[in-house]
Amino acid sequence: MSQSTATPAPVTEAHPVVAAANPRLRWVLLAGGLVAALALPWFVYPPVAMDIVAMALFAIALDILLGYTGLLSFGHAAFWGSSAYVTGLIATNYGVPFPVAIIGGALFAMILALPAGYLSVRRSGIYFAMVTLAFAQMVYFVGYQWSGLTGGENGLQGVPRHFFGVELVETDSFYFYYAALPILLLGMWAAWRIVHSPFGRVLVSIRDNTQRARALGYEVDKYKVVAFVLSAGLTGLAGGVFAINHGFVALTELHWSTSGEVVLMTVLGGIGTLWGGVLGATLAVLLADYLASSGFDGIDLVTGSVFVLVVLLFRRGLWGTVRHQWLAWQQRRSSRRTRSGGGTRR
Amino acid sequence: MTTNGRVALRTQALTKVFRGFRAVDSVDLVVREGGVHALVGPNGAGKTTLFNLLTGFVAPTSGAIRVFDEDVTGKQPEQVARRGVARSFQITSLFETLTSREHVELALQGLTRQGFRFWRSEKLLGGNRTRVDDLLTQVGLMTLADKQVGLLAYGQKRALELALVLALDPRVMLLDEPTAGMGTEDVDRTIELVRRIAAGRTVVFVDHNMHVVGSLADRVTVLQQGKILAEGAYDEVRNDERVITAYLGEADHA
């Protein structure tokens, strides 16, 4: 019984992280996503459209940890919310253009993530989730108590939207959308860059088999902390845009239920895919908005049910399932081709 | 063999107790540089625990471990790996979603600090393409380089394990049952492979197959109930009365 003390490899399912198959498909998806992002405020009330894209980046940032590193953070509201507050405070007190305030908020989130990450990566699984939750609760408490700065329960009100004196952007949320969109798209590009970098490969190896990664000489804890800080930074970008978009920061942004919501969106769309976060956030925000505007007050009941249903029926999430089917079909097709083509089989 | 007398790996009174059970019991092991050293013993003799101790996956209860005279007792696995001790695993231990090529690229990067480059493309990982190809060719996986390891056959996964160990260019290689679960043909191929990669390196391996031990090892340590029962050249050990009763007797005619 004492023989196998080194943890054996966790048997994860083989689904490629690196979409090796089709670079052309990737460009088509990317172009489609870009068009959708540009067209969104024509079809959706612009502030809601902005929420969708901000939440999408939030979910993507979480996916770097959840889907690519195998760490479930249940405390990301701390980074989302604190960046929202710091962004709001910078914008209010210094009158700088909003992108500057947002960058300030994101940097604050990263600084906050450093001790949080350092402490939490010492544990894995449910314990990691609990440490991040506990940390986020502490941040919530500070936000609640320090009402002189944060406005406490009333929230931070009247956050201005300065943008180099361009009045259209400062007053019209339709134009604001296009001014803020590049920040979020840049954040998404950064996430893509991270997961497809040498660093991202190490994260995947840690997720797949931590012990093996250590045996190859990787200082796993350090990699996890860096991933945590990067994820918090991107979360901060999203939270900052959210704050400017609403001109108001509510205490809810720091609440644990916000941490839960983003996990829900990411899982709904499918973890370890990046696109899954986009899809999950879009659906969740649209659904909540639709239900709210139709005067229905059991939003959580409906979104909760949808979540349960999706997880039961499509274990990989919506995007994950579609992608899996597509790859499986590709594989069948290519293996059929090799066989009939008389290719050298080994 | 180029045994020049230096000690590559030494344990002193190394002991590991699990809830009162002495899995490894004051083991003094000396592995000479350039040697191929086999650890054998019946199930539960403490071989894998010893491996886990040597590579930092398990912290010893007492005793010391030295690698080329540097004390590595209580060091973490990655720190031990960074001191030139690489191991393979008894249970195939790979990254299911990656391809063989991606594995080797990761292994080559492991001892550098290049893994933190989150702003660069992962294509950089393949920068040392000839080295990657060379390693894959050595273990016979070149044609399957771009296949996800989840889809590889068992023997191929074992071969990849060896490529990963080799990629670290280790001073000491620890191979935990390199032929576990293989058919005769694969066993012979693996023996050839290990012999080839063992040239000029120090190897410690565990194996139940006496044919493997006999063909590879120049020194054999027999463990029983966590203690060293006998040690010596293969022929000495296999004729040792105590060893025959403990272990070899049953395994030899397998």
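Residues numbered from 1 in each chain as written. Chains lettered and ligands numbered in written order. Predicted model: local features only at pLDDT ≥ 70, side-chain atom pairs only at ≥ 80, totals over all residues. Heavy atoms only, no water.

So, about the overall build of chain A. Helices and strands together make up the secondary structure of chain A, namely 15 helices and 2 strands. By the compact-globule yardstick of 20 Å for 346 residues, chain A fits well, its C-alpha radius of gyration being 21 Å. In terms of its C-alpha atoms, chain A occupies a principal-axis envelope of roughly 70 × 50 × 40 Å. Within chain A, the proportion of its 346 residues that are buried is 51%. Charge-centre separation for chain A: the mean point of 22 positive side chains lies 26 Å from the mean point of 15 negative side chains. (Helix = DSSP H or I, 4+ residues; strand = E, 2+ residues; numbered from the N terminus. Rg over C-alpha atoms; globule rule 2.2 N^0.38 Å. Buried < 20%, exposed > 50% of the residue type's maximum accessible area, 1.4 Å probe, protein only. Lys, Arg positive; Asp, Glu negative; His and termini not counted. Charge placed at Lys NZ, Arg CZ, Asp CG, Glu CD.)

So, about the overall build of chain B. When its secondary structure is counted, chain B shows 9 helices and 11 strands. Along the three orthogonal principal directions, the C-alpha set of chain B runs to about 60 × 40 × 40 Å. When burial is assessed residue by residue, chain B has 57% of its 254 residues classed as buried. Taking as baseline every contact in chain B between residues at least 6 positions apart, the subset at least 24 positions apart corresponds to 68%. Carbon and sulfur atoms make up 47% of the accessible area of chain B, which totals about 10500 Å². Distance between charge centres in chain B, computed from 31 positive and 31 negative side chains, equals 7 Å. (Contact = heavy atoms within 4.5 Å. Areas by Shrake-Rupley, 256 points an atom, 1.4 Å probe, with all protein chains shown as cover.)

The next thing to look at is the packing of aromatic side chains. If you walk through the whole model with that rule in mind, you get 22 aromatic pairs over all chains. Centre to centre, the rings of Tyr218(A) and Tyr223(A) are 5.6 Å apart; their planes meet at 80°, and the pair counts as edge-to-face. On the basis of relative accessibility, which here comes to 0%, the residue Tyr218(A) falls in the buried class. Through a chain of ring-to-ring contacts, three or more aromatic side chains come together here, namely Phe199(A), Tyr218(A), Tyr223(A), Phe116(B), Phe118(B) and Trp119(B). A cation sits over an aromatic face here: Arg161(A) above Phe176(A), 4.2 Å from the ring centre. (Phe/Tyr/Trp six-rings, centres within 6.5 Å; stacked < 30°, edge-to-face > 60°. Lys NZ or Arg CZ within 6 Å of the ring centre and 35° of its normal.)

Unlike most non-glycine residues, Leu274(A) shows phi in positive territory, near 65°. If you trace the backbone, Leu274(A) turns up in the loop between helix H12 (256–269) and helix H13 (275–293).

Contact residues are listed per partner, giving 41 residues for chain A and 54 residues for chain B. Carbon and sulfur atoms make up 57% of the surface buried where chain A meets chain B, a total of about 4200 Å² over both sides. Our count for the chain A to chain B interface comes out at 5 salt bridges. Counting the contacts that link chain A with chain B gives 19 residue pairs in polar contact (both at pLDDT 80 or more). For the side of chain A that touches chain B, the secondary-structure elements that each account for two or more residues are helix H8 (173–195), helix H9 (198–208), helix H10 (210–215) and helix H11 (220–246) of chain A. In terms of residues, the side of chain A that touches chain B owes the most to one element, H9(A), which gives 8 residues. Class assignment for the residues of the side of chain A that touches chain B results in 19 nonpolar, 12 polar and 10 charged. (Buried area = accessible area lost by both parts, 1.4 Å probe. Salt bridge = Lys/Arg side-chain N within 4 Å of Asp/Glu carboxyl O. Polar contact = N/O pair within 3.5 Å; in protein donor to acceptor, adjacent residues only side chain to side chain. Nonpolar A, V, L, I, M, F, W, Y, C, P; charged D, E, K, R; others polar.)

For interface size, the figure often reported is the accessible area lost on association. Residues and elements named next belong to chain B. For chain B, the assigned domains read domain 1 (7–84 + 170–252) and domain 2 (93–153). Its C-alpha centre places domain 1 at a distance of 28 Å from the equivalent point of domain 2. Opposite the 5 residues of domain 1 that make contact, domain 2 presents 5 residues. Summed over both partners, the interface of domain 1 with domain 2 buries about 400 Å², with 46% contributed by carbon and sulfur atoms. (Domains from an automatic or database assignment.)

Residues and elements named next belong to chain B. In spatial order, the strands read S7-S8-S9-S4-S10-S11; together these 6 strands make up an open sheet with mixed pairing. The strands lining the two open edges of the sheet, one partner per strand, are strand S7 (85–87) and strand S11 (227–232). Averaged over all pairs of adjacent strands, the angle between strand axes in this sheet comes to 20°, irrespective of strand direction. Across 5 bridges, the pairing between strand S8 (residues 172–176) and strand S9 (residues 202–206) is parallel. Counted as the bridge partner of Leu-175 is Phe-205 from S9. (Pairing = 2+ DSSP bridges. Axes fitted to C-alpha atoms, helices over the stretch in contact; angles between N-to-C directions.)

Residues and elements named next belong to chain B. Burial analysis of S9 places 5 of its 5 residues in the buried class, which makes it a mostly covered element. Side-chain alternation along S9 places Thr-202, Val-204 and Val-206 on one buried face and Val-203 and Phe-205 on a second face that is also buried. Here strand S4 (residues 36–40) runs beside S9; their pairing, made up of 4 bridges, is parallel. Paired with Val-36 across the two strands is Val-203, which belongs to S9. Viewed along the sheet, the connection from S8 through helix H6 (residues 184–198) into S9 turns out right-handed. (Right-handed = clockwise from strand over helix to strand, strands pointing away.)

All names here are of chain B. Along the polypeptide, Gly-214 turns up in helix H7 (residues 210–216). Gly-214 sits in the partly exposed class, given a relative accessible area of 31%. For Gly-214 and Arg-238, which are 24 residues apart along the polypeptide, the C-alpha to C-alpha distance reads 9.5 Å.

Residues and elements named next belong to chain A. For the pair H12 and H13, interaxial distance at closest approach is 7 Å and the crossing angle is 115°. The handedness of the crossing between H12 and H13 is right-handed. Residue-level inspection shows Met-265, Leu-268 and Gly-269 of H12 in contact with H13, the latter providing Gly-276, Gly-280, Ala-281, Leu-283, Ala-284 and Val-285. Here the contact of H12 with H13 is built from residues that sort into 6 nonpolar, 3 polar and no charged. (Left-handed = near helix turned anticlockwise from the far one by under 90°.)

As a further point, take the pattern of salt bridges. All chains considered together, the criterion is met by 22 salt bridges over all chains. For the salt bridge of Asp208(A) with Arg207(A), the shortest nitrogen-to-oxygen distance reads 3.1 Å. Pair check on accessibility: Asp208(A) and Arg207(A) agree, each one buried. Through salt bridges with shared partners, a single ionic network connects Arg101(B), Arg129(B), Asp133(B) and Asp146(B).

Further remarks concern the nonpolar core. Judged by nonpolar contacts, the single largest core of 145 residues is most densely connected at Phe79(A), Phe98(A), Phe205(B), Val213(B) and Val220(B). For this core, the element with the highest residue contribution is helix H2 (residues 46–66) of chain A, accounting for 17 residues. The two domains that each donate at least three residues to this core are domain 1 (7–84 + 170–252) and domain 2 (93–153) of chain B. Non-local contacts of Phe79(A), meaning those with residues more than four positions away in its chain, are made with Ala109(A), Leu112(A), Ala113(A), Ala116(A), Phe135(A), Phe228(A), Ala232(A), Thr235(A) and Gly236(A). Of all hydrophobic cores here, the second largest spans 27 residues; its members include Phe18(B), Leu39(B), Val85(B) and Val206(B). (Core = buried A, V, L, I, M, F, W, Y, C linked by side-chain atoms within 4.5 Å.)

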